[in-house]
Protein chains: 2
Amino acid sequence: MAAPVIILIEPQLGENIGTCARAMLNCGLTELRLVNPRDGWPSDKARSASSGADSVIDGVKLFDSTEAAIADCDLVYATGARLRHLNLPIDTGEDAAVRVCAAARPAILFGPERTGLHNDDVAKCSRFMTIPLNPEFSSLNIAQAVLLISYLWYRQNGMPEVDQSHRMAKTRPATQGEIEGLMEHLTDELDKANFFTSISKRPSMLLNLRAMFARMEPTEQDVLTLRGIVKTLVLGRRSEKRS
Amino acid sequence: MAAPVIILIEPQLGENIGTCARAMLNCGLTELRLVNPRDGWPSDKARSASSGADSVIDGVKLFDSTEAAIADCDLVYATGARLRHLNLPIDTGEDAAVRVCAAARPAILFGPERTGLHNDDVAKCSRFMTIPLNPEFSSLNIAQAVLLISYLWYRQNGMPEVDQSHRMAKTRPATQGEIEGLMEHLTDELDKANFFTSISKRPSMLLNLRAMFARMEPTEQDVLTLRGIVKTLVLGRRSEKRS
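All of the points below concern the structure found in this document. (Residues numbered from 1 in each chain as written. Chains lettered and ligands numbered in written order. Predicted model: local features only at pLDDT ≥ 70, side-chain atom pairs only at ≥ 80, totals over all residues. Heavy atoms only, no water.)

### Section: the interface of chain B and chain A
Next up, step 1: In this complex, chain B contributes 48 residues to the contact, which on the side of chain A involves 48 residues.
Next up, step 2: Both sides together, the interface formed by chain B and chain A hides about 3,700 Å², and carbon and sulfur atoms give 56% of it.
Next up, step 3: Our count for the chain B to chain A interface comes out at two salt bridges.
Next up, step 4: E94 of chain B is the partner of R155 of chain A in a salt bridge, and the nearest nitrogen-oxygen pair spans 2.3 Å.
Next up, step 5: Viewed at the interface, chain A and chain B are joined by 18 residue pairs in polar contact (both at pLDDT 80 or more).
Next up, step 6: Looking at the side of chain B that touches chain A, the elements with two or more residues in it are helix 1 (14-26) and helix 7 (142-156) of chain B.
Next up, step 7: The element contributing the most residues to the side of chain B that touches chain A is helix 7 of chain B, with eight residues. (Contact = heavy atoms within 4.5 Å. Buried area = accessible area lost by both parts, 1.4 Å probe. Salt bridge = Lys/Arg side-chain N within 4 Å of Asp/Glu carboxyl O. Polar contact = N/O pair within 3.5 Å; in protein donor to acceptor, adjacent residues only side chain to side chain. Helix = DSSP H or I, 4+ residues; strand = E, 2+ residues; numbered from the N terminus.)

Have a look at this one:
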């Protein structure tokens, strides 16, 4: 599965090229092409704004026409807020991500910051991609557009799982036996302290307590802590009585 | 279904508050709260960077503690690249969006630009949300993080369909009869011009042609244009012969 080439047509600000490079690399995209960047290339502003996405900046390829920039690509997407006066199929970012993942050499075109893509360039594309946003306020900064589209590709391409392992660093989930021990300990003390004033409600109150501990998904250490708390509260109460 | 409140804890740059407001409004979010913004509030830089998201900027509420900012919220998400030394459930942006949509008064917390959320604040939250990105390069600008998370909420909340209507402005999809007419016209001319040099391949070639027109999803006007092209090519050839 090939990653799409990101192509910026006549980008105006070096900073924007840099923030686009950063957004791309956030989502594992590395191939950036520029067609006639207004302020030339290379650009120190772009490198600085990329916040360390040097691999993308170093690999930038420069072209003097859109045709040349897309010549080796198969599926080429135009992007924009809306398609005007052209009959191209329009996909959401999600639908486009599916097609991009299936292509051998896909590319995604972004127009200049002020105007977006000109229709001359849109007409060179296979399809049009738009991200439906708040209809009252849909204008995205170019790096924001690159980020959303790159993210949708990344996600479609199978993003890594969230690593939950550190949650159990130095400990492990409590066993049901340990939770049962906590329940018995707590119930015993609650009974001694006449917590259950209504004996008929005792079973349902205990069930609710048990459900609370289940939702808590306590670790071994959590159970020890909770038993320590119960013990401390009981001893505190007893010493108060004694004093 | 309530939209989440976005809460920025000790944001440093007014520009970033503005670009966060813009990203929120792009996705239909309007409630922005600030806890101790470093450079004070109101902020001209924030308003300018919001690119017209005045409704969000005007509605900003200021708080002097995280506790106060989240006091009226139920489901409160901490955000960050990773959770450290705390045992909170961790959700991807997509999973979190489902939970946020089900909550009555959800909030999402973002930390200061340089450090992200401090654990003191993470511990006040119900859950932790992270967006799994390129593990080698996962640091997002705060407005980029707000955009992705707002977008995932927006999407979960049922984003509007892409408007394809203008594609058929002033025309309509061709009927099957019109496409059939084009096929007959074209086939007739191809036969006359001895296009099908191998008679055995003629049926499959015609089927392929028909499939091409199907994929093209031509409009009424497209069919007229294509028939005009066929006619012109034929006439041109005949006049050439004549000359």
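### Thoughts on the sheet that holds strand 2 (residues 32-35) of chain B
Whether parallel or antiparallel, the strands of a sheet pair through hydrogen bonds between backbone atoms.
Residues and elements named next belong to chain B.
Next up, step 1: Spatially, 3-2-1-6-4-7-5 is the arrangement adopted by the seven strands of the open sheet, whose pairing is parallel. Both outer strands of the open sheet, strand 3 (61-63) and strand 5 (90-91), are each paired with one neighbouring strand and no more.
Next up, step 2: Here strand 2 runs beside strand 3; their pairing, made up of three bridges, is parallel. Residue pairing in the sheet places L34 in a bridge with L62 of strand 3.
Next up, step 3: Sitting on the sheet, helix 1 touches strand 1 (5-9) and strand 2, and the angle it makes with strand 2 is about 155 degrees.
Next up, step 4: In the packing of helix 7 onto the sheet, contacts are made with strand 1, strand 4 (76-79), strand 6 (107-110) and strand 7 (127-129), and the angle to strand 6 comes to roughly 160 degrees. (Pairing = 2+ DSSP bridges. Axes fitted to C-alpha atoms, helices over the stretch in contact; angles between N-to-C directions.)

### Regarding the relation of the copies chain B and chain A
Next up, step 1: In the superposition of chain B on chain A (RMSD 0.1 Å, axial shift 0.1 Å), the rotation amounts to 180 degrees. Taken together, these values place the two copies in the relation of a two-fold axis.
Next up, step 2: The fraction of interface residues of chain B whose copies in chain A are also interface residues reaches 100%, indicating that both copies meet through the same surface. (Least-squares fit on C-alpha atoms with pLDDT ≥ 70 in both.)

### Considering the pairing of strand 4 of chain B
Residues and elements named next belong to chain B.
Next up, step 1: Side-chain alternation along strand 4 places V76 and A78 on one buried face and Y77 and T79 on a second face that is also buried.
Next up, step 2: Sheet topology places strand 4 next to strand 6; three bridges connect them, and they run parallel. Within strand 6, the residue paired with A78 across the bridge is L109.
Next up, step 3: Inspection of the sheet shows strand 4 paired to strand 7 by three bridges, in the parallel sense. Bridge pairing links T79 to M129 in strand 7. (Buried < 20%, exposed > 50% of the residue type's maximum accessible area, 1.4 Å probe, protein only.)

### Observations concerning the pattern of salt bridges
Residues and elements named next belong to chain A.
Next up, step 1: This model, assessed by the stated rule, comprises 32 salt bridges over all chains.
Next up, step 2: R105 serves as the salt-bridge partner of D72, at 3.4 Å between the closest nitrogen and oxygen. Placement of D72 in the loop between helix 4 (66-70) and strand 4 (76-79) and of R105 in the loop between helix 5 (93-102) and strand 6 (107-110) is noted, with a sequence separation of 33 residues between them.
Next up, step 3: Residues D121 and K124 are paired through a salt bridge, measuring 3.1 Å at the closest nitrogen-oxygen approach.
Next up, step 4: What makes D121 buried here is its relative accessible area of 8%.
Next up, step 5: Within the structure, one salt-bridge network assembled from shared partners comprises E31, R33, D72 and R105.

### What to know about empty space enclosed by the protein
Empty space among the atoms becomes visible once a probe the size of a water molecule is rolled across them.
Residues and elements named next belong to chain B.
Next up, step 1: In the structure shown here, the tally under the stated rule is two cavities of 30 Å³ or more.
Next up, step 2: Taken as a whole, the largest cavity holds about 60 Å³ of empty space.
Next up, step 3: Around the largest cavity, the lining residues are G93, A96, A97, V100, I108, M129, I149, L152 and W153.
Next up, step 4: Looking at the lining of the largest cavity, the elements that each hand over two or more residues are helix 5 (93-102) and helix 7. (1 Å grid on protein atoms, 1.4 Å probe; cavity = no way out; pocket = protein on both sides within 12 Å on 5 of 7 lines; lining within 4 Å. Points joined across faces, edges and corners; volume = space filled by probe spheres on them.)

### Here's the deal with the packing of helix 5 of chain A against helix 7 (residues 142-156) of chain A
Residue and element names in this part refer to chain A.
Next up, step 1: Remark: helix 5 packs on helix 7, axes separated minimally by 9 Å, with the N-to-C direction vectors making an angle of 55 degrees. With respect to helix 7, the axis of helix 5 lies oblique. For the crossing formed where helix 5 meets helix 7, the hand is right-handed. In contact with G93, E94, A97, V98, V100 and C101 of helix 5, helix 7 contributes L152, W153 and Q156. (Parallel < 35°, antiparallel > 145°, perpendicular 65-115°, else oblique. Left-handed = near helix turned anticlockwise from the far one by under 90°.)

### Concerning the packing of aromatic side chains
Residue and element names in this part refer to chain A.
Next up, step 1: Throughout the structure, instances matching the rule amount to two aromatic pairs over all chains.
Next up, step 2: Summarising the aromatic geometry, the rings of F195 and F196 are spaced 5.0 Å apart at their centres and angled 85 degrees between planes, so their arrangement reads as edge-to-face.
Next up, step 3: Overall, the relative accessible area of 9% leaves F196 in the buried class.
Next up, step 4: One residue, R202, lies across the ring of F196, its end atom 5.2 Å from the ring centre. (Phe/Tyr/Trp six-rings, centres within 6.5 Å; stacked < 30°, edge-to-face > 60°. Lys NZ or Arg CZ within 6 Å of the ring centre and 35° of its normal.)

### With respect to the sheet that holds strand 6 of chain A
Residues and elements named next belong to chain A.
Next up, step 1: Read from one edge to the other, the open sheet built from seven strands follows the order 3-2-1-6-4-7-5, with strand pairing classed as parallel. Of all strands in the sheet, those with a lone pairing partner are strand 3 (61-63) and strand 5 (90-92), marking the two edges. Mean inter-strand twist for the sheet, computed between neighbouring axes without regard to direction, equals 30 degrees.
Next up, step 2: Where strand 1 (residues 5-9) lies against strand 2 (residues 32-35), four bridges are found, and the strand directions are parallel. Bridge assignment links I9 to a residue of strand 2, and that residue is V35.
Next up, step 3: Sitting on the sheet, helix 1 (residues 14-26) touches strand 1 and strand 2, and the angle it makes with strand 2 is about 155 degrees.

Remember, this is a structural readout, not a statement about activity or role.
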